[in-house]
Amino acid sequence: MSRTAWAPIALVALMLSACGGGGGGDAAPSPAPGAPAPAPAPAFNAIPATDAEAARFLVQATFGPTRADIDRLRRIGYAAWIDEQLDPVRTPATLVTPHILSIPVAQLNYAERRNYWLWQATTRPDQLRMRMGFALSEIFVVSDRDYNTANFGRISDYQDMLARGAFGSYRQLVEQVTLHPAMGLYLSHMSNRKSTSYNNGQGVRVTIVPDENYARELMQLFSIGLVERNPDFSPKLDAQGRTIPTYDQETVKSMARVLTGWTWPGNTRDTFWRWGADNEARPMSCVPEFHDDQPKTIFNGVVINEGSNCVASLAKMLDALSTHPNVAPFISRQLIQRFVTSNPSPQYIARVAKVWTDTGGDLGRVIKAILLDVEARIPPAPDNASYGKAREPLLQLTALWRAFDARYFPRADGQYYFGFSNAWDFATSLGQDSLRAPSVFNFFEPDYRLQGANGAAGLYAPELQLYNEATFVSVFNQLDSAGWSQLQSAPPTANTSAPVLDIRPLLTLAEQDNHVAMVDQINTLLLAGALTADNRAVMVLMLDRLKIERRPADERVRSLVQLAVASPEFVIQR
């Protein structure tokens, strides 16, 4: 490790001790089941009063604060900023597929979709839509791990579908997810046929039954979960005090039967099994002859009896699913976890779930309610260890790029090829990459918990499922190679191996030996004003000592950024 690197790292332990721990603390008590959520109090300012307040909001709602976004948010306020983001005319959706299809397959780099999306997420104005699309991709999971470059257009279209539907109707989105070929292939309900029996060549009776994979995950992961819930996400209990399952194996079988008959778009009875063309991304179509036309009883006793009309069968099932009382708290809680805090109070969940129910699952209204809730806007008390969330490693990288106004030019062939270490697959270094999860359960699960005292279950901390001794180091090293190692005093004029970060604002302060102002700037842009007084003093002291040792100004800048990124105030979003 270089001399630039060891000085700040030696102080990380001191900073950690000043932060306070996670691992304990009582969750807020649940209201009585079915009781309305208490009115939130106190109120918060409609317009952030300080840069730190603005930056804290932008950490939650974007891929990281920028100086320009802080200034604009302080002019127009929270609600107006959200409304601007929700408006597709003022803030159009950024799409990935046109770029991917513009590159000849033979030249397409394997990481191109992921790198292109990441750079658009870093630089494009539709920040909230792209954050919402990213969050939805961690719920409605598909993965590119089995894709080849000839089919990148298909999974790019799935990513774009989530972006287009990020502020629309949950009911419409779950239908689009169900019928997208990327999901049909991933969870194997593509070319799912009704049950049939026949004698094979050896005279053995063979019975084929519908594939149950998507039917199960649609309920367990994409909508209602495993147990009945109250609007505040607390479990409903039967007379014996036991949780009530939302479905059983017979329900899964019936749901699988509802999902029969769907295949590649345009296929017919005679071509039902024909494989689709490369990059085929149109919604699947149904062949009635392969659809189970008998009555099917699904969750809550709902009967699907639409005969061979598979379109009507699917619509009735999805109507029942999207209006199931579990959907609002189940999905609302996960969205709160992705944007604000891993351990939302029952009251917070209930308030957002009410907006969901009142609007019929309008995702735009839901995310506005999440971000403008009092629990999102009022900072937690310093001793509230249960509030907040770990920043996903991918969001740590984009926050670093955005804070320093990173610039990048693609290669001459139009591709976004990053040449720094592990850029071909951030899942190996950051533990995650877009649409590249190892399974349908995402890179981390919403119910992952830290271990508490005496082995008891502690706080929910989904993103920390990514971390162990090895990944903590690999994430830090990745942020080194892609981040502060790329700080430059001149913007790029041609393709570079990595985005170039602008060192000039901090370098000017370092050359003036204005270490206090350097720390203040980092505190706003990277730490959203969360730096404790003790840790602020540690950072200033480090810079003073480096100056005494005659370290150059640019080294002091890099050391400060390195220490800030390693700090708990950066890794834990509060």
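In case you missed it, the structure is sitting above this.
Calculation rules
Residues numbered from 1 in each chain as written. Predicted model: local features only at pLDDT ≥ 70, side-chain atom pairs only at ≥ 80, totals over all residues. Heavy atoms only, no water. Helix = DSSP H or I, 4+ residues; strand = E, 2+ residues; numbered from the N terminus. Rg over C-alpha atoms; globule rule 2.2 N^0.38 Å. Buried < 20%, exposed > 50% of the residue type's maximum accessible area, 1.4 Å probe, protein only. Contact = heavy atoms within 4.5 Å. Axes fitted to C-alpha atoms, helices over the stretch in contact; angles between N-to-C directions. Parallel < 35°, antiparallel > 145°, perpendicular 65-115°, else oblique. Left-handed = near helix turned anticlockwise from the far one by under 90°. Nonpolar A, V, L, I, M, F, W, Y, C, P; charged D, E, K, R; others polar. Phe/Tyr/Trp six-rings, centres within 6.5 Å; stacked < 30°, edge-to-face > 60°. Lys NZ or Arg CZ within 6 Å of the ring centre and 35° of its normal. Disulfide = S-S within 2.5 Å. Salt bridge = Lys/Arg side-chain N within 4 Å of Asp/Glu carboxyl O. Arc of directions from axis to C-beta.

**Q** Just give me the short version of the overall build of the chain, but keep the residues and values in it.
**A** Across its full length, the chain holds 25 helices and 12 strands. A compact globule built from 574 residues would reach a C-alpha radius of gyration of about 25 Å, and the chain, at 25 Å, matches this within 12%. Principal-axis analysis of the C-alpha atoms gives the chain an extent of 85 × 60 × 50 Å. With 574 residues in all, the chain has 55% of them scored as buried. Sequence separation of at least 24 residues holds for 71% of the intrachain contacts in the chain that already meet a minimum separation of 6.

**Q** How would you explain the packing of helix α21 (residues 504–511) against helix α24 (residues 553–566) if you had to name every residue and give the values?
**A** For any two helices packed against each other, the geometry comes down to the angle between their axes and how far apart the axes lie. With their axes 9 Å apart at the nearest point, α21 and α24 run at an angle of 120° to one another. Relative to α24, α21 is oriented oblique. Relative to α24, α21 is oriented so that their crossing is right-handed. Contacts between α21 and α24 involve Leu 506, Leu 507, Ala 510 and Glu 511 from the former and Ala 553, Asp 554, Arg 556, Val 557 and Val 561 from the latter. The class makeup of the residues in the contact of α21 with α24 is 6 nonpolar, no polar and 3 charged.

**Q** Could you give me a rundown of the packing of aromatic side chains, with the residues and numbers involved?
**A** Counting across every chain of the model gives 24 aromatic pairs. Ring geometry for Trp 119 and Trp 401: centres 5.5 Å apart, planes at 70°, overall edge-to-face. Of this pair, Trp 119 sits in helix α7 (residues 112–123) while Trp 401 sits in helix α19 (residues 393–403), and the two are 282 residues apart along the sequence. No difference in accessibility class separates Trp 119 from Trp 401, as the two residues are buried. Here the aromatic residues Tyr 116, Trp 119, Trp 401, Tyr 408, Tyr 416, Phe 418, Phe 420 and Phe 426 are joined through ring pairs into a cluster of three or more. Above the face of the Tyr 460 ring, Arg 333 is positioned so that its terminal group lies 4.9 Å from the ring centre. Directly above the ring of Tyr 78 sits Arg 377, whose terminal nitrogen or CZ lies 5.0 Å from the centroid.

**Q** Explain the state of the cysteines to me, and be specific about the residues and the numbers.
**A** One pass over the full model with this rule turns up 1 disulfide. In this model, Cys 286 is linked to Cys 310 through a disulfide, with the two sulfur atoms separated by 2.0 Å. Note on the Cys 286 and Cys 310 pair: the S-S dihedral is about -125°, so by sign convention the disulfide is left-handed. With Cys 286 in strand β4 (residues 285–286) and Cys 310 in helix α14 (residues 310–322), this residue pair connects regions lying 24 residues apart in the sequence. Cys 286 gets classed as buried once you look at its relative accessible area, which sits at 17%. Residue Cys 310 is classed as buried on the basis of its relative accessible area, which comes to 3%.

**Q** Requested: an account of the environment of Leu 314, with residues and values cited.
**A** Along the chain, Leu 314 turns up in helix α14. Expressed as a C-alpha distance, the spacing of Leu 314 and Glu 175, which sit 139 residues apart in the sequence, is 8.5 Å.

**Q** An account of the pattern of salt bridges is needed here, citing residue identities and associated values.
**A** Opposite charge on two side chains lets them pair, provided their charged atoms get close. All chains considered together, the criterion is met by 39 salt bridges. In this structure, Arg 114 engages Asp 433 in a salt bridge whose closest nitrogen and oxygen atoms are separated by 3.2 Å. Linking Arg 114 in helix α7 with Asp 433 in the loop between α19 and β8 (449–451), this pair joins segments that are 319 residues apart in sequence. Assigned by exposure class, Arg 114 and Asp 433 land together as buried. Asp 270 serves as the salt-bridge partner of Arg 269, at 4.0 Å between the closest nitrogen and oxygen. Assessed through its relative accessible area of 52%, Arg 269 is described here as exposed. In this structure, a network of salt bridges that share partners links the residues Arg 113, Arg 114, Asp 144, Asp 425, Asp 433 and Arg 436.

**Q** So, α21: which residues are in play, and what are the values?
**A** Looking at α21, one finds that the buried residues are Leu 506, Leu 507, Leu 509 and Ala 510. In an axial view of α21, the angular spread of the buried residues amounts to 160°, which keeps them on one side of the axis. Where α21 is buried, its residues touch α22 (515–525) and α24. Looking one or two residues past α21, Asp 513 carries a phi angle of roughly 55°, positive in sign.

**Q** Talk me through unusual backbone geometry; I want residue IDs and the actual numbers.
**A** A positive phi is found at Ser 191, a non-glycine position, where the angle reads about 60°. Assignment of secondary structure puts Ser 191 in the loop between α11 (181–186) and β1 (196–199). Positive phi outside glycine occurs at Asn 442, with the angle close to 70°. Structurally, Asn 442 is set in the loop between α19 and β8. On the basis of relative accessible area, Asn 442 is assigned to the buried category, the value being 8%.

**Q** So, the packing of α22 against helix α23 (residues 533–548): which residues are in play, and what are the values?
**A** At a minimum axis separation of 9 Å, α22 and α23 run at an interaxial angle of 135°. Taken as axis vectors, α22 and α23 run oblique relative to one another. Where α22 crosses over α23, the two elements pack in a sense that is right-handed. Contacts from His 515, Val 516, Met 518, Val 519 and Asp 520 in α22 reach Arg 536, Met 539, Val 540, Leu 543, Asp 544 and Lys 547 in α23.

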